[in-house]
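Topology and contacts: notes
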Amino acid sequence: MQNAVTKPADAASLAALLQHQNDRRELLCSTLALTVKLGLTFLGVVSLVRLSMAYQERLDRHGEMAAVVEVETSKLQTLQQRFDTLFTLGGDERLMDEQDQWIAPNRLRVIWR
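Here is a short report on the structure shown in this document. (Residues numbered from 1 in each chain as written. Predicted model: local features only at pLDDT ≥ 70, side-chain atom pairs only at ≥ 80, totals over all residues. Heavy atoms only, no water.)

**Observations concerning the overall build of the protein**
- A count of helical and extended segments in the protein gives two helices and zero strands.
- Counting the 113 residues in the protein, one finds 1% classified as buried. (Helix = DSSP H or I, 4+ residues; strand = E, 2+ residues; numbered from the N terminus. Buried < 20%, exposed > 50% of the residue type's maximum accessible area, 1.4 Å probe, protein only.)

Here's what the structure looks like:
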């Protein structure tokens, strides 16, 4: 009978030992999974921060370029209007009236050195 009593105790201790090892494996796997998840979350957050910084820089550049395009467009419109006025009736007279540096008839240009 002594063997019968020791075997259940051994079986119980063996079952407890196996349960303890199983719990440790589950804890290790859970810790490893949590570490991987935290690492991926950190990587995602860092990527989002870098993307937002790059997006902000692109928006700033776009704003600068849009301002330059607006200035150049206004210059183009002004020049197109001037061009149109020069090629209408009386445009040559308007051009001559705008030119201050033209020498009047019967005048001599003097160049000083």
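There is more to say, and it comes next.
**Quick notes on the pattern of salt bridges**
- Tallying each qualifying case throughout the model produces two salt bridges.
- The salt bridge partner of glutamate 57 is arginine 61, with a shortest N-O separation of 2.7 Å. Placement of both glutamate 57 and arginine 61 in helix H1 (residues 2-86) is noted, with a separation of four residues, approximately one turn of the helix.
- Its salt-bridge partner being glutamate 72, residue lysine 75 comes within 3.6 Å of it at the nearest N-O pair. Pair noted here: lysine 75 and glutamate 72 are both in helix H1, with a separation of three residues, about one helical turn. (Salt bridge = Lys/Arg side-chain N within 4 Å of Asp/Glu carboxyl O.)

**As for the packing of aromatic side chains**
- Evaluated as defined, the whole model comprises one aromatic pair.
- Seen in terms of ring centroids, phenylalanine 83 and phenylalanine 87 are 4.7 Å apart; in terms of plane orientation they differ by 45 degrees. Their pairing is tilted.
- Taking the relative accessible area as the measure of exposure, phenylalanine 83 reaches 49% and is therefore partly exposed.
- Assessed through its relative accessible area of 63%, phenylalanine 87 is described here as exposed. (Phe/Tyr/Trp six-rings, centres within 6.5 Å; stacked < 30°, edge-to-face > 60°.)

**So, a nonpolar patch on the surface**
- There is a patch of nonpolar side chains on the surface, built from Leu32, Val36, Leu40 and Leu43 and spanning about 400 Å² of accessible area.
- Locating leucine 40 in the fold gives a position in helix H1. (Patch = residues over 30% accessible without salt bridge, like charges linked within 9 Å, V, L, I, M, F, W, Y side chains within 5 Å. Areas by Shrake-Rupley, 256 points an atom, 1.4 Å probe, with all protein chains shown as cover.)

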